[in-house]
Every structure is written in structure tokens, then in C-alpha cells.
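Reading the structure
What follows is the residue order along each chain.
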Amino acid sequence: MKPTFESTLEFARELDKNDILSDFRKQFYFAGDDIIYLDGNSLGRLPLKTKTLLTKAIEKQWGTDLIESWNKNWYTKPEELGNKIAKIIGASVGEVIVSDSTSVNLYKLAKAALNLQTGKTRIVSDVFNFPTDLYILQGIIQEMGNKHELILAGSKDEITIDLDDLKGKIDENTALVVLSMVAFKSAFLYDANEINEWAHQKGALVLWDLSHAAGAAPVELNKIKADLAVGCTYKYLNGGPGSPAFLYVRKDLQEKLNSPIQGWFGEENPFEFGLNYRPAGGIRKFLTGTPPVLNLLAIEPGLDLMMEAGIENLYEKSKRQSEYFIFLTMKILSKHGFEIGSPLDHLQRGSHISLKHPEAYRICQSLIHPKNGIVKIIPDFREPDNIRFGFTPLYTTFEEIRQTIERLKIIIETREYEWFESERNSVT
């Protein structure tokens, strides 16, 4: 049953009053009350405990303890953080580790899977996948002598993937399926269990990119018998800009797969400094070089907050806020040229909503650069005509969502967007 909403500001405030997660907002840094931040699906806010932790890490661990901190605090941190992320994405202890970037991790797992799946030459993805994932797959194909082909499933509506088309492309010659669980533009959410079952029937492995799913959408890797996954920590997990990513390998696959980047942190005993590589056992074999320790440590406070809040509570609030945003859009904005560019069914949607408008870029600039001291609202723009609004349940309020809708209405009615140029910034 869909929730019943009202469009008044008083109703939004009542929703916030009854929000069981409202106190978590106080545990994040806010420079002031004049910014509404709806870009948590690109970079999460700064947890207050992260500031304290990094100060301690710099002054005590780096400044005082120096090299001793590797044994005291740092060396096992990739596995410790991996085990915490495992609880958030429904994996088991020893199946997740923090290492490198999402792109590097995807390269490692994709190439390892293709090396295992000898004799099969098809790789399947879709037109919604994040471009870097496709670039990496294209590069691997070249490295492996152009023996593989990359085939993309399409969309009929630019919002959802045509599942019949996707399934039709996964055949007995398919080595690997690589998909984003939540699409970065439309927020289309796959039924991952359905895709895994279909691919496994054909003998294919599946590699999920969880970058827009982890911490915002229900992810149950063990329950759906997932093979492989990667994801970033700087979006809904609030790990900070460029924070290290994570990778997941199902237990029974760990000894079958070999990392194509054999770095010393993935060696059986790196401090023997042997000249011949011996892979470590378990998930640790997928580590490579020395991790960026300060960035690594910054991940933990956000994970702790998420586990304290409970992933089911986070998902329920995310779903409710998305439904509220859609309700307000249809009631207030639909007559102003806005169209919803995300699935209306919450079972097919992650934790962000895209609004489409012919003037999307300039409207986005109006939100970010308001005139006359009006509240600043930060979403992001995605080509060609999408404004993405990310709802981060730990700190986004219903009142902020109501204010955003009202601001969009004013921008259109006053044609304020005409004050801005159409030329794109380098980062949108």
C-alpha cells in the first residue's frame, strides 16, 4: 500500500518529527543551515567522528607512533573494514576487503573471472552501466587479444533495462555479466537474484557494481548467491572524497580466482620480501599495494553510523523520501515541464530520483548558485537532461525535500535559469 502524503510544509515537518533516524543528522558536519545537500549519491557528508578520528590518526598514529602504527592500527584495517561493509551488503566475514578504487577492483575481478571462464567469449552488460565499467571491459578485451565481445542490453524507455533483451544476450557462451545494481542516471534497480539465477543457468559469472546501491538499497549478496561485486565508499557510506573502494568474492570462488595485479600486500607473507609471488589465502589475495591509510581510516565512522541505524531502517526511509519527492513532483512540478526519469515502482528504484527537463543544466545551476541569499540546493546534473536528487537517509530531511520542490517551481515561474549559461562546467 502506497503512503498517503500532503503537499504542505507542515506535513513535511510532521514527517521529520516522526522520523526514527532524525538524530543521526546531528552526527554530521554542517557549515550552516543555508545549504540543502542532495548529492549524497556522489559524495556523502562528513561525519563528525571522522574529523576527530583523522586528527588522532595524524597526531598520534602518524605523528607519535610513526611506523609502529602499522602493527598497532593499520595493517589489518582493509579486512576489518571489509567485514563491516559485509554486514551492510549481506555478505559473510572474509568475503569483502577494502582496496584500491572501484575501477581497479572491477578490473581485477573481471579479468580474474575471464581467466577462469576459458573457452567462453561473450561479456554482457547494459547501456545504463557506468561508463568506466565499460571502458575497463573494453581495455581487458584488448589485453586478451580481442578474443571476447562486449554486448550491451538496451532500454525501451530510457529508465529501465529491457530484461528480455538482457536475458536473451546471456547464453552458454557468456563468460561474465557486469551490471550496476542501481543505474547511475535513472536509479533503475535490478532484481539481482533473478539475474544471478538466469546467468548461473547459462554457466556465466556475474559481477555487480554496488556503487549506487551499498548503504541505500537492499543488498543481500549471500542470499542471492552473488559471485562477485565491487563498490565505492564515498557515496552513501560517507567515506570521503576518493576513499578506497571494496570488493567482494564469494567464499567458494576465492581459491579459484587469481588476481591479475599481484602486489605485495596480496602476498602470502609480504614482509619476508621473497622474490617470487605467492598469493595470500582468502580475500586478502586481492589486495595490491600499500593502501592510502588516512583515506582508509576515514571510512570507518560512516560505516559505524550506518550499522547503528540499521540498513532496513535506512532503506525504509529512503523509500519513503523517494515516494514523497515523486508525489510532490507530480502535484507541483509536472505542469512546469518536469518529467520523472526514474522508475515509479520502488522495487525497481534505488535512493535517488532523476528529473528530466529541457533546461536541466541551467536549472541545476540556479539551485546551486541562488541569488539574493536564497537557500543553496546541491543536486547534480547528468547528460543530456537529468537533474539527480540523492536522498541519504542518515541526514536528509523531508522538509528539505519540500523546500527543493518549491525552489524548482520558483526557478521555472520566474525563468531564473535564464541568468545562467548553457556551457557545462568540467565537473557536473
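Along every chain, residues carry numbers that run from 1 in the direction the sequence is written. Confidence filtering applies because this is a predicted model: local features only for residues at pLDDT of at least 70, side-chain atom pairs given and counted only at 80 or more, and all residues used for totals across whole chains, interfaces and linings. Only hydrogens and water are set aside when side-chain values are computed; all heavy atoms of the structure are taken into account.

Looking at the overall build of the protein
A helix here means a DSSP run of H or I that spans at least four residues, while a strand means a run of E at least two residues long, and both kinds are numbered starting from the N terminus. The helix and strand tally for the protein stands at 14 helices and 13 strands. By residue count, 56% of the 428 residues in the protein fall in the buried class. Sequence separation of at least 24 residues holds for 73% of the intrachain contacts in the protein that already meet a minimum separation of 6. For the protein, the exposed area adds up to about 18600 Å²; of that, 52% sits on carbon and sulfur atoms. Each residue is placed in one exposure class: buried if its accessible area under a 1.4 Å probe, protein chains only, is under 20% of its type's maximum, exposed if it is over 50%, and partly exposed if it falls in between. Whether two residues touch is decided by their heavy atoms; if any such pair falls within 4.5 Å, the residues are in contact. We get accessible surface area from the Shrake-Rupley algorithm with a probe of 1.4 Å; when it comes to residues, only the shown protein chains can shield them.

Remarks on the packing of helix 5 (residues 102-116) against helix 6 (residues 131-143)
Axis geometry follows a simple rule: fit a line to the C-alpha atoms, using only the stretch in contact for helices, then measure angles between N-to-C directions, giving values from 0 to 180 degrees. As a packed pair, helix 5 and helix 6 sit with axes 10 Å apart at the nearest point and diverge in direction by 45 degrees. Relative to helix 6, the element helix 5 is oriented oblique. As for the relative orientation of helix 5 and helix 6, their crossing is right-handed in sense. Between helix 5 and helix 6, the contacting residues are Ser103, Leu106, Tyr107, Ala110, Lys111 and Leu114 on the first element and Thr132, Asp133, Ile136, Leu137, Ile140 and Glu143 on the second. Note on residue categories: nonpolar means Ala, Val, Leu, Ile, Met, Phe, Trp, Tyr, Cys or Pro, charged means Asp, Glu, Lys or Arg, and polar means any other residue, Gly included. Of the residues belonging to the contact of helix 5 with helix 6, the class tally is 7 nonpolar, 2 polar and 3 charged. An angle counts as roughly parallel when it lies under 35 degrees, as roughly antiparallel when it exceeds 145, as roughly perpendicular when it falls between 65 and 115, and as oblique in every other case. Helix crossings are classified by the rotation of the near helix relative to the far one: an anticlockwise turn of less than a right angle makes the crossing left-handed, while a clockwise turn makes it right-handed.

A short note on the sheet that holds strand 2 (residues 96-98)
Here we have 7 strands laid out as an open sheet, ordered 2-8-7-6-5-3-4, and mixed in their pairing. Single-partner strands in this sheet number two, and they are strand 2 and strand 4 (149-153). Adjacent strand axes in the sheet meet at a mean angle of 20 degrees when their direction is disregarded. Note on pairing: DSSP must find at least two bridges between two strands before they are called paired. Pairing of strand 7 (residues 228-231) with strand 8 (residues 246-249) involves 4 bridges; the strand directions are antiparallel. Note on strand 8: the bridge partner recorded for Gly231 is Phe246. This element, helix 8 (residues 192-201), spans strand 5 (174-180) and strand 6 (205-209) of the sheet and lies at about 155 degrees to strand 6.

Structural notes on unusual backbone geometry
With an omega of 0 degrees, the peptide bond between Glu383 and Pro384 qualifies as cis. Within the fold, Pro384 resides in the loop between strand 12 (380-382) and strand 13 (386-390). Positive phi outside glycine occurs at Asn238, with the angle close to 60 degrees. By secondary structure assignment, the location of Asn238 is in the loop between strand 7 and strand 8.

What to know about the side chain of Asp19
Structurally, Asp19 can be placed in the loop between helix 1 (9-17) and strand 1 (35-37). The definition of a polar contact used here is a pair of N or O atoms within 3.5 Å, where within protein one atom must be able to donate a hydrogen and the other to accept one, and adjacent residues in sequence count solely through side-chain atom pairs. One polar contact links the side chain of Asp19 to the main-chain amide nitrogen of Leu21, over a distance of 2.9 Å. Side-chain polar atoms of Asp19 contact the side chain of Lys317, separated by 2.6 Å.

What to know about the environment of Thr76
Its place among the elements puts Thr76 in the loop between helix 3 (69-74) and helix 4 (77-89). By relative accessible area, Thr76 is classed as partly exposed at 35%. Taking the C-alpha atoms as reference points, Thr76 and Arg284, 208 residues apart in sequence, are found 9.9 Å from one another. A polar side-chain atom of Thr76 sits 2.6 Å from a polar atom in the side chain of Glu80.

Focus: the nonpolar core
Judged by nonpolar contacts, the single largest core of 55 residues is most densely connected at Ile89, Leu166, Trp208, Leu210, Leu221, Phe246 and Leu394. The set of elements that each furnish at least two residues to this core consists of helix 4, strand 2, strand 5, helix 8, strand 6, strand 8 and helix 11 (300-309). The leading source of residues in this core is helix 4, at 5 residues. Setting aside residues up to four positions removed in sequence, Ile89 forms contacts with Val96, Leu210, Ala214, Val219, Glu220, Leu221 and Phe246. Throughout this description, the term nonpolar core refers to a set of buried Ala, Val, Leu, Ile, Met, Phe, Trp, Tyr and Cys residues connected via side-chain atoms within 4.5 Å. By size, the runner-up hydrophobic cluster in this structure holds 35 residues, among which are Ile36, Val375, Phe398 and Ile411.

Some words on the packing of aromatic side chains
Aromatic ring pairs are reported here in terms of the distance separating the ring centres and the angle at which the planes meet. Classification of ring pairs rests on two measures: the distance between centres of Phe, Tyr or Trp rings, Trp counted by its six-membered ring, which must be within 6.5 Å, and the angle between planes, read as stacked under 30 degrees, edge-to-face over 60 and tilted in between. Under the defined criterion, the tally for this structure stands at 20 aromatic pairs. Measuring from ring centre to ring centre gives 6.0 Å for Trp70 and Phe265, while their planes differ by 65 degrees; the resulting arrangement is edge-to-face. Linking Trp70 in helix 3 with Phe265 in the loop between helix 9 (251-254) and helix 10 (293-297), this pair joins segments that are 195 residues apart in sequence. Note on Phe130 and Phe184: the rings are 5.0 Å apart at their centroids and 80 degrees apart in plane angle, and the pair reads as edge-to-face. Residue Phe130 is found in the loop between strand 3 (122-126) and helix 6, and its partner Phe184 is found in the loop between strand 5 and helix 8; the two are separated by 54 residues along the sequence.

Here we look at the pattern of salt bridges
We define a salt bridge as a contact between a side-chain nitrogen of Lys or Arg and a carboxyl oxygen of Asp or Glu at a distance within 4 Å. In total, this model carries 36 salt bridges according to the counting rule given. Residue Lys77 pairs with Glu300 through a salt bridge whose shortest N-O separation is 3.0 Å. Remark: Glu300 occurs in helix 11 and Lys77 occurs in helix 4; sequence separation between them is 223 residues. We note that Lys77, like Glu300, is buried. Where Glu413 meets Lys409, a salt bridge forms, and the shortest distance between an N and an O atom there is 3.2 Å. With Glu413 and Lys409 both in helix 14 (residues 398-413) and 4 residues apart, this pair spans about one turn of that helix. In this structure Glu413 comes out as partly exposed when scored by relative accessible area, which is 46%.

Re helix 1
Among the residues making up helix 1, those that are buried are Phe11, Ala12, Leu15 and Asp16. Seen end-on, helix 1 carries its buried residues on one side only, within an arc spanning 145 degrees. Helix 1 presents Glu10 and Lys17 as exposed residues on the side facing more than 90 degrees away from its buried surface. Where helix 1 is buried, its residues meet helix 12 (311-333) and helix 14. In this description, the arc belongs to the directions extending from the helix axis to the C-beta atoms.

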